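# Summary of structural features
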Amino acid sequence: MLIHRVAMILRIGATICFLSAVAILVKPDSVATFIGVDELTLSKEFIWLLRCLALALLVIAVLAPLIASFGGERGLRQCASAMAGISFLGIVLLVVSPTAWVVGKFSVCAGLLIFCVFYLYALRGRRRNR
């Protein structure tokens, strides 16, 4: 059961990462204003930094389905643990970021929290089935 839960969450997360990466690559300034970055502080360097973030999201979007398909139970457990921690750290970074609290920032925080809880729930299934 753990394998199916984690694999499904990884595939859903990969899809969201892919769509986010495409959105950042196509319209980085719109994504920046969506998460609360002031238009006056947008610079060419910041736009390129967002594009580099999109490349990191593409890496996740490519590797997560591969791990979901070919990883064993131990690998999926380790991947779920890492992704839960990364999701939580993403929330912490968004909370302390010097941007305005807008709907986009709330929605990204909520999405990361949902994935963190899903990964922890999937890992909980391992202990229950022993």
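Below is a short write-up of the structure. Since this is a predicted model, take the numbers as computed values, not measurements.

The rules behind the values
- Residues numbered from 1 in each chain as written.
- Predicted model: local features only at pLDDT ≥ 70, side-chain atom pairs only at ≥ 80, totals over all residues.
- Heavy atoms only, no water.
- Disulfide = S-S within 2.5 Å.
- Buried < 20%, exposed > 50% of the residue type's maximum accessible area, 1.4 Å probe, protein only.
- Axes fitted to C-alpha atoms, helices over the stretch in contact; angles between N-to-C directions.
- Helix = DSSP H or I, 4+ residues; strand = E, 2+ residues; numbered from the N terminus.
- Parallel < 35°, antiparallel > 145°, perpendicular 65-115°, else oblique.
- Left-handed = near helix turned anticlockwise from the far one by under 90°.
- Contact = heavy atoms within 4.5 Å.
- Nonpolar A, V, L, I, M, F, W, Y, C, P; charged D, E, K, R; others polar.
- Expected span 1.5 Å × (residues − 1).
- Phe/Tyr/Trp six-rings, centres within 6.5 Å; stacked < 30°, edge-to-face > 60°.
- Lys NZ or Arg CZ within 6 Å of the ring centre and 35° of its normal.

Throughout the structure, instances matching the rule amount to zero disulfides. Looking at the unpaired Cys79, the closest cysteine sulfur is the one in Cys17, lying at 11 Å. Residue classification places Cys79 among the buried residues on the basis of a relative accessible area of 13%. Free cysteine: Cys109, not disulfide-bonded; nearest cysteine sulfur from Cys116 at 12 Å.

Our focus in this paragraph is the packing of helix 1 (residues 2-26) against helix 4 (residues 73-96). In the contact formed by helix 1 and helix 4, the axes pass within 10 Å of each other and the chain directions differ by 45°. In terms of orientation, helix 1 lies oblique with respect to helix 4. For the element pair helix 1 and helix 4, the recorded crossing hand is left-handed. Contact with helix 1, carried on its side by Leu2, Ile3, Val6 and Leu10, involves Glu73, Leu76, Arg77, Cys79, Ala80 and Met83 of helix 4 and no other residues of that element. Here the residues of the contact of helix 1 with helix 4 sort into eight nonpolar, no polar and two charged.

Let's shift gears to helix 3 (residues 44-70). The terminal C-alpha atoms of helix 3, which comprises 27 residues, lie 40 Å apart, in line with the 39 Å expected from a rise of 1.5 Å per residue. When we look at burial in helix 3, the residues that qualify are Ile47, Leu50, Ala54, Leu57, Ala61, Ala64 and Ala68. For helix 3, the secondary structure elements touched by its buried residues are helix 1, helix 2 (28-34) and helix 4.

This next bit is on the packing of aromatic side chains. Tallying each qualifying case throughout the model produces two aromatic pairs. On the basis of an interplanar angle of 40° and a centroid distance of 5.0 Å, the ring pair of Trp101 and Phe106 is categorised as tilted. The residue whose ring lies beneath Arg51 is Trp48, and the NZ or CZ to ring-centre distance is 4.9 Å. Taking NZ or CZ as reference, Lys105 lies 4.2 Å from the ring centre of Trp101, over its face.

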